[in-house]
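A structural walkthrough
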Amino acid sequence: MLAMPQDTPIEIARNKKNLAWYLAGGLLFFAIGLFLLIDPGSFLDSKWITPFIIEAVGVSIMVAGGIYSYIMAVRIATVFPAMIISDKDIYDHTGTPGDGLINWDDISGIRESEIKGKRYLTIDVKHPQLYIDRQRNTGKRKVLVRLLEQTGSPIQIPAHEVDYDLRSLITLLETRLAAYRLTGAR
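Not measured: the values here are computed from a predicted model. (Residues numbered from 1 in each chain as written. Predicted model: local features only at pLDDT ≥ 70, side-chain atom pairs only at ≥ 80, totals over all residues. Heavy atoms only, no water.)

Considerations on the side chain of Asp92
Quick note on the threshold: Each helix is a run of DSSP H or I of at least 4 residues and each strand a run of E of at least 2, with the numbering of both proceeding from the N terminus. The rule is simple: take the accessible area with a 1.4 Å probe, protein chains only, and divide by the maximum for that residue type; under 20% is buried, over 50% is exposed, in between is partly exposed. Neither His nor the chain ends is counted toward charge; the positive residues are Lys and Arg and the negative residues Asp and Glu. Salt bridge, as used here: a side-chain nitrogen of Lys or Arg that lies within 4 Å of a carboxyl oxygen of Asp or Glu. Any pair of N or O atoms that falls within 3.5 Å is considered a polar contact. Within protein, one atom must be able to donate a hydrogen and the other to accept it, and sequence-neighbouring residues count only if both atoms are side-chain atoms. Contact definition: two residues touch when any of their heavy atoms are within 4.5 Å.
If you trace the backbone, Asp92 turns up in strand S3 (residues 89-92). Despite being buried, Asp92 has no salt bridge partner; Arg134 is the closest side chain of opposite charge, sitting 6.6 Å away. Of note is the side chain of Asp92, whose polar atom sits 2.8 Å from the side chain of Thr94. Apart from the residues lying within four places of it in its own chain, the contact partners of Asp92 are Ala82, Met83, Gly98, Asp99, Gly100, Ile102 and Ile157.

And the structure:
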């Protein structure tokens, strides 16, 4: 009843509408930085603020907005799905620190969580340290450790990253997990 046909991967697309809003925000920051760089004189109300400081802030804002916009543009342009759900594993490609392969064998639970007002798909795993250790970037590794301490799992997939209803996605994953456990697929 719960068994799924073999080799039927399900691709979950990225939520490109949200990414477009993030791109617009990054471009707005870039424009603000450009304005500060072009016309620093309009901000010279204090003797403590010099044109150099205003220009330095403008360049910093432009660089941050430009990098953020570039990242969002690449995510919008990519054709690779946010998630691939197969009979043997889940491939998370949302760009979160814990993304990568998640084997059904290692999944102990699937739930919704909330961190700072944002909804996440939390995948509880039996061996969370494996997912932390595979991250080479020290900063991202620290984020995973903090997520493990806060939520009990290093794997947090933002609901706004996937173009799929979170509750429906959890139901789909729970069904696939039950089918995997029922058939003992290896």
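Looking at helix H1 (residues 16-38)
Residues that lie three or four places apart on an α-helix share one face, since the helix turns once every 3.6 residues. Selection criterion: The length a helix should cover is 1.5 Å for every residue beyond the first.
With 23 residues, H1 should cover 33 Å at 1.5 Å per step; its first-to-last C-alpha distance of 32 Å lies within 8% of that length. For H1, the set of buried residues is Leu19, Gly26, Gly33 and Leu36. On the buried face of H1, the contacting elements are helix H2 (51-77).

Some points on unusual backbone geometry
Positive phi, normally seen in glycine, also occurs at Lys116, with a value near 50°. Relative to the helices and strands, Lys116 is located in the loop between strand S5 (107-115) and strand S6 (118-125). Residue class for Lys116 comes out exposed when judged on its relative accessible area of 82%.

Digging into the packing of H1 against H2
Using the following cut-off: Here an axis means a line fitted to C-alpha atoms, over the contact stretch when the element is a helix, while the angle between two N-to-C directions is reported on a 0 to 180 degree scale. Should an angle fall under 35 degrees it is called roughly parallel, over 145 degrees roughly antiparallel, and 65 to 115 degrees roughly perpendicular, with every other angle called oblique. Each helix crossing is assigned a hand: it is left-handed if the near helix lies turned anticlockwise from the far helix by less than a right angle, otherwise right-handed if that turn is clockwise. Only Asp, Glu, Lys and Arg are considered charged in this grouping, and only Ala, Val, Leu, Ile, Met, Phe, Trp, Tyr, Cys and Pro are considered nonpolar; every other residue, Gly among them, is considered polar.
Across the interface, H1 lies against H2 with an axial gap of 7 Å and an inter-helix angle of 160°. One element, H1, and the other, H2, form an angle in the roughly antiparallel class. Seen from above, H1 lies across H2 with left-handed handedness. By residue class, the composition of the contact of H1 with H2 is 20 nonpolar, six polar and three charged.

Some details on a nonpolar patch on the surface
Put simply, the rule is: For patches, a residue must show more than 30% relative accessible area and have no salt bridge; joins then use 9 Å for like charges and 5 Å for nonpolar side chains, namely Val, Leu, Ile, Met, Phe, Trp and Tyr. Residue-level accessible areas treat just the shown protein chains as cover; the underlying method is Shrake-Rupley with a 1.4 Å probe.
Residues Phe30, Leu34, Leu37, Ile38, Val59, Val63, Ile67, Tyr70, Ile71 and Val74 make up a contiguous nonpolar surface patch of about 870 Å² in total accessible area. Those elements giving two or more residues to the nonpolar patch turn out to be H1 and H2. In terms of residues, the nonpolar patch owes the most to one element, H2, which gives six residues.

Topic: the sheet that holds S6
We count it as follows: Here a strand pair is declared whenever DSSP counts at least two bridges between the two strands.
Across the sheet, which stays open at both edges, the three strands sit in the order S5-S6-S7 with antiparallel pairing between neighbours. The strands lining the two open edges of the sheet, one partner per strand, are S5 and strand S7 (155-158). In this sheet, neighbouring strand axes are inclined to one another by 25° on average, regardless of whether the strands run parallel or antiparallel. With four bridges connecting them, S6 and S7 associate as antiparallel partners. Bridged to Thr122 within S7 is Gln156. Contacting S5 and S7, helix H4 (residues 138-151) crosses the sheet at an angle of about 90° to S5. Contacting S5 and S6, helix H5 (residues 166-183) runs over the sheet at an angle of about 170° to S5.

Re the pattern of salt bridges
All chains considered together, the criterion is met by four salt bridges. Ionic pairing is found between Asp87 and Arg176, a salt bridge with its closest N-O pair at 2.8 Å. Placement of the pair is Asp87 in the loop between strand S2 (83-85) and S3 and Arg176 in helix H5, with a sequence separation of 89 residues. Comparing Asp87 with Arg176, the two get one shared label, buried.

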